[in-house]
Amino acid sequence: MRYVSTRGRAPVLGFEEVLLAGLARDGGLYVPESWPLFSLDEISDLAGRSYEDVAVRILAPYVGDAIGKDDLAAIVADAYATFRHKAVVPLVQTGASDWLMELFHGPTLAFKDVAMQLIGRLFDHVLTKRGERVTIVGATSGDTGSAAIEAFRDRAAADVFILFPHGRVSEVQRRQMTTVDAPNVHAIAVEGTFDDCQSLVKAMFNDHAFRDGMRLGAVNSINWARVMAQAVYYFTAATALGAPSRCVSFSVPTGNFGDIFAGYVATRMGLPVEQLVIATNANDILARTIETGTYSMGEVVKTLSPSMDIQVSSNFERLLFEVMGRDGAAVQGLMDGLQQSRAFTLPGPALEEVRRTFDAGSVDDDRILATIRRVHAETGLTIDPHTAVGVAAAVGVRRDPLTPMIHLACAHPAKFPDAVEKATKARPGLPPHLADLFDRPERMSVLPNDLAAIKQAIGEKVASTA
Ligand SMILES: Cc1ncc(COP(=O)(O)O)c(C=O)c1O
Ligand SMILES: N[C@@H](CCOP(=O)(O)O)C(=O)O
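Residues numbered from 1 in each chain as written. Chains lettered and ligands numbered in written order. Predicted model: local features only at pLDDT ≥ 70, side-chain atom pairs only at ≥ 80, totals over all residues. Heavy atoms only, no water.

A.B. asks: What is the right way to read the packing of helix α8 (residues 194-206) against helix α19 (residues 451-465) from this model?
C.D. replies: Working note: a packed helix pair is described by the angle between its axes plus the distance between those axes. Axis separation between α8 and α19 bottoms out at 10 Å; the angle between their running directions is 70°. It follows that α8 is roughly perpendicular to α19 by the angle criterion. Between α8 and α19 the crossing geometry is right-handed. Across the interface between the two elements, Leu200, Ala203 and Met204 of α8 pack against Leu451, Ile454, Lys455 and Ile458 of α19. (Axes fitted to C-alpha atoms, helices over the stretch in contact; angles between N-to-C directions. Helix = DSSP H or I, 4+ residues; strand = E, 2+ residues; numbered from the N terminus. Parallel < 35°, antiparallel > 145°, perpendicular 65-115°, else oblique. Left-handed = near helix turned anticlockwise from the far one by under 90°. Contact = heavy atoms within 4.5 Å.)

Written as structure tokens, this is what we have:
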């Protein structure tokens with residue numbers, strides 16, 4: 001498979017280069033040159049297979065001949081052996097037509113592990129083959145960071161620098177990033193928001209001298225490999241519930257639009273999906289965009305679902321590229337508008353196209369708490385505040401009550417114990433492998449929201465370990 005940039009002016013790359021490149025050199029995001037289409041028979045044939053087997057089948061066309069089939073199967077098997085559930089992402093029925101897809105059985109208790117455990121190994125495979133080393137820079141609102149640190153810790157071919165917003169992640173999330181004692185891991189608390197962290201990372205990639213000098217690599221969902229890995233569980237869940245002969249829907253708690261874009265990818269590969277619900281917290285830029293057609297940035301608000309306290313939703317650009325006829329210049333025009341006036345308006349036909357597949361709802365903190373409480377009372381299950389956003393948002397926008405709605409349970413409740421305790425009066429405990437998290441010493445630097453200062457800190461650290 002070859003990959004093109006959403007802005008149309010970066011080199012066309014193969015899988016290996018796309019994995020290592022992260023952001024395209026024109027500032028855009030890489031997408032496959034064409035979508036591999038699975039026939040209905042091929043999709044039916046996924047039902048009942050192991051997660052690992054389905055993953056290899058879905059990933060193979062994207063990886064192409066960059067990695068041999070046997071090597072890919074071994075990497076996939078090794079990645080998902082780290083999960084605490086044999087099904088990797090089990091489904092739990094919560095109502096007549098409602099299911100939770102539990103995505104939090106990986107090492108760091110959030111859905112990010114599903115892609116990150118694979119990506120760490122893919123980087124290792126490719127870098128070892130090439131005899132190269134990279135400097136990973138990532139931005140996190142809490143979950144990507146710990147998943148990336150866990151996936152890359154002690155890997156000889158990578159240094160990892162994770163930028164997170166100081167004071168805006170949960171204590172569990174922070175400690176998961178700051179207590180890992182590995183020489184190649186560096187947690188940086190930035191005095192700013194997640195959007196600031198993400199824009200610092202993009203600015204480092206757009207500084208080509210720094211990017212090439214440091215040999216930067218990305219682990220955020222700007223990296224195509226993240227999205228492709230997340231597309232797999234849309235297939236396992238849908239086929240377990242009768243797809244492709246039965247249509248299903250998904251409700252997806254959304255921040256950076258990576259996870260829900262992976263669902264869209266599954267539809268482009270042939271999976272019949274009735275609707276994809278964009279579930280946002282009070283940071284409702286995407287819900288407003290679907291309603292009005294205008295993507296207009298506001299200020300970030302702190303919520304009980306901090307991992308989704310995001311305004312600049314990176315992967316929306318990938319959807320724009322698709323609904324604007326894959327016209328890179330047109331996407332660049334919208335992105336220029338966003339840069340200049342903090343807003344852009346989708347052309348009518350593009351908005352119609354988005355609305356064919358996507359619905360959206362936003363959920364405030366009171367509804368998050370009420371939803372955690374209700375689900376707990378009705379089912380005995382404890383959900384985290386992000387999952388609650390998805391469960392609540394689906395209520396208002398469901399197209400057909402008989403179509404199974406699969407709610408993505410993105411994080412373990414123990415990552416956000418304060419919110420969960422407030423709702424249920426019970427404090428969720430951490431699983432045994434994290435039981436001593438609060439006793440481990442923390443290690444992090446606090447830096448201003450300043451590109452030069454951050455580049456200098458990264459440069460010095462890399463030079464000192466070279
Ligand atoms: C727990 C949790 N839920 C949902 C999201 C939203 O995912 P995405 O950014 O892929 O839209 C994130 C991160 O953004 C998260 O960490
Ligand atoms: N919620 C995310 C934000 C970054 O998203 P990504 O999917 O682009 O890595 C986080 O937890 O960091």
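A.B. asks: Hey, could you run me through the UniProt feature "domain: Threonine synthase N-terminal" (unreviewed entry) in the protein chain in this one?
C.D. replies: Cross-referencing UniProt, the feature "domain: Threonine synthase N-terminal" (unreviewed entry) maps to residues 2-80 in the present numbering. Helix makes up 47% of residues 2-80 and strand 11%, whereas the separation of the span's terminal C-alpha atoms amounts to 26 Å. (UniProt positions renumbered as here; feature names shortened; annotations may be inferred.)

A.B. asks: Would you mind showing me how to read the UniProt feature "modified residue: N6-(pyridoxal phosphate)lysine" (unreviewed entry) in the protein chain here?
C.D. replies: In the numbering used here, UniProt assigns the "modified residue: N6-(pyridoxal phosphate)lysine" (unreviewed entry) feature to Lys112. Locating Lys112 in the fold gives a position in helix α5 (residues 112-130). Overall, the relative accessible area of 14% leaves Lys112 in the buried class. Beyond its immediate sequence surroundings of up to four residues, Lys112 is in contact with Asp143, Thr144, Ala147 and Arg226. (Buried < 20%, exposed > 50% of the residue type's maximum accessible area, 1.4 Å probe, protein only.)

A.B. asks: It is not clear to me how the pattern of salt bridges should be interpreted in this structure. Could you clarify?
C.D. replies: Side-chain pairs of opposite charge can arise where the charged atoms are in close proximity. Under the counting rule described, the total for this entry stands at 34 salt bridges. Linking Arg57 and Asp45 is a salt bridge whose minimum nitrogen-to-oxygen distance equals 3.2 Å. Here the residue Arg57 occupies a position in helix α3 (residues 51-63), and Asp45 occupies one in the loop between α2 (40-44) and α3, the gap between them amounting to 12 residues. Exposure remark for Arg57: the relative accessible area of 32% places this residue in the partly exposed category. When its relative accessible area of 36% is taken as the criterion, Asp45 is described as partly exposed. Taking the shortest distance from any N to any O, the salt bridge between Glu322 and Arg326 comes out at 2.8 Å. For Glu322, a relative accessible area of 10% translates into the label buried. (Salt bridge = Lys/Arg side-chain N within 4 Å of Asp/Glu carboxyl O.)

A.B. asks: I tried to follow the packing of aromatic side chains on my own but got confused; where do I start?
C.D. replies: Here a ring pair, both rings aromatic, is described through the centre-centre distance and the interplanar angle of the planes. For the coordinates displayed, the defined rule picks out 15 aromatic pairs. Ring centres of Tyr234 and Phe250 lie 4.7 Å apart, and the angle between their planes is 65°; on these two criteria the pair is classed as edge-to-face. Here Tyr234, found in helix α10 (residues 224-240), pairs with Phe250, found in strand β10 (residues 248-253); they are 16 residues apart in sequence, far enough to count as distant. Comparing Tyr234 with Phe250, the two get one shared label, buried. A network of ring pairs unites the aromatic residues Phe257, Phe261, Tyr264, Tyr295, Phe316, Phe344 and Phe358 as a single cluster. (Phe/Tyr/Trp six-rings, centres within 6.5 Å; stacked < 30°, edge-to-face > 60°.)

A.B. asks: Where do I start with the site of ligand 2 in this structure?
C.D. replies: As a structural note, the neighbourhood of ligand 2 is formed by 13 residues, with Thr140, Asp143, Thr144, Ser221 and Arg226 the closest of them. For ligand 2, an oxygen atom lies 2.8 Å from a polar atom in the backbone of Ser141. Between ligand 2 and the protein, one listed contact pairs an oxygen atom with a side-chain N or O atom of Ser221 at 2.6 Å. Contact with the protein chains hides 95% of the accessible area of ligand 2, taken as 340 Å² for the molecule alone. (Near = heavy atom within 4 Å. Polar contact = N/O pair within 3.5 Å; in protein donor to acceptor, adjacent residues only side chain to side chain. Areas by Shrake-Rupley, 256 points an atom, 1.4 Å probe, with all protein chains shown as cover.)

A.B. asks: Is there a simple way to explain helix α13 (residues 316-323) in this structure?
C.D. replies: Residues separated by three or four positions in an α-helix point in the same direction, a consequence of the helix having 3.6 residues per turn. Most of α13 sits out of view: 8 of its 8 residues are buried. Among all positions in α13, only Phe316, Glu317, Arg318, Leu319, Leu320, Phe321, Glu322 and Val323 are buried. Once α13 ends, the next one or two residues include Gly325, with phi positive near 65°.

A.B. asks: Can you help me understand the sheet that holds strand β2 (residues 13-14) in this one?
C.D. replies: Strand pairing in a sheet is mediated by backbone hydrogen bonds. Such pairs are either parallel or antiparallel. The strand order β2-β1-β3 describes an open sheet built from 3 strands, whose pairing is antiparallel. Only two strands of the sheet have a single neighbouring strand rather than two, namely β2 and β3 (30-32). Bridge count between strand β1 (residues 2-5) and β3: 3 bridges; the pairing is antiparallel. When the bridges of β3 are listed, Ser5 appears paired with Tyr30. (Pairing = 2+ DSSP bridges.)

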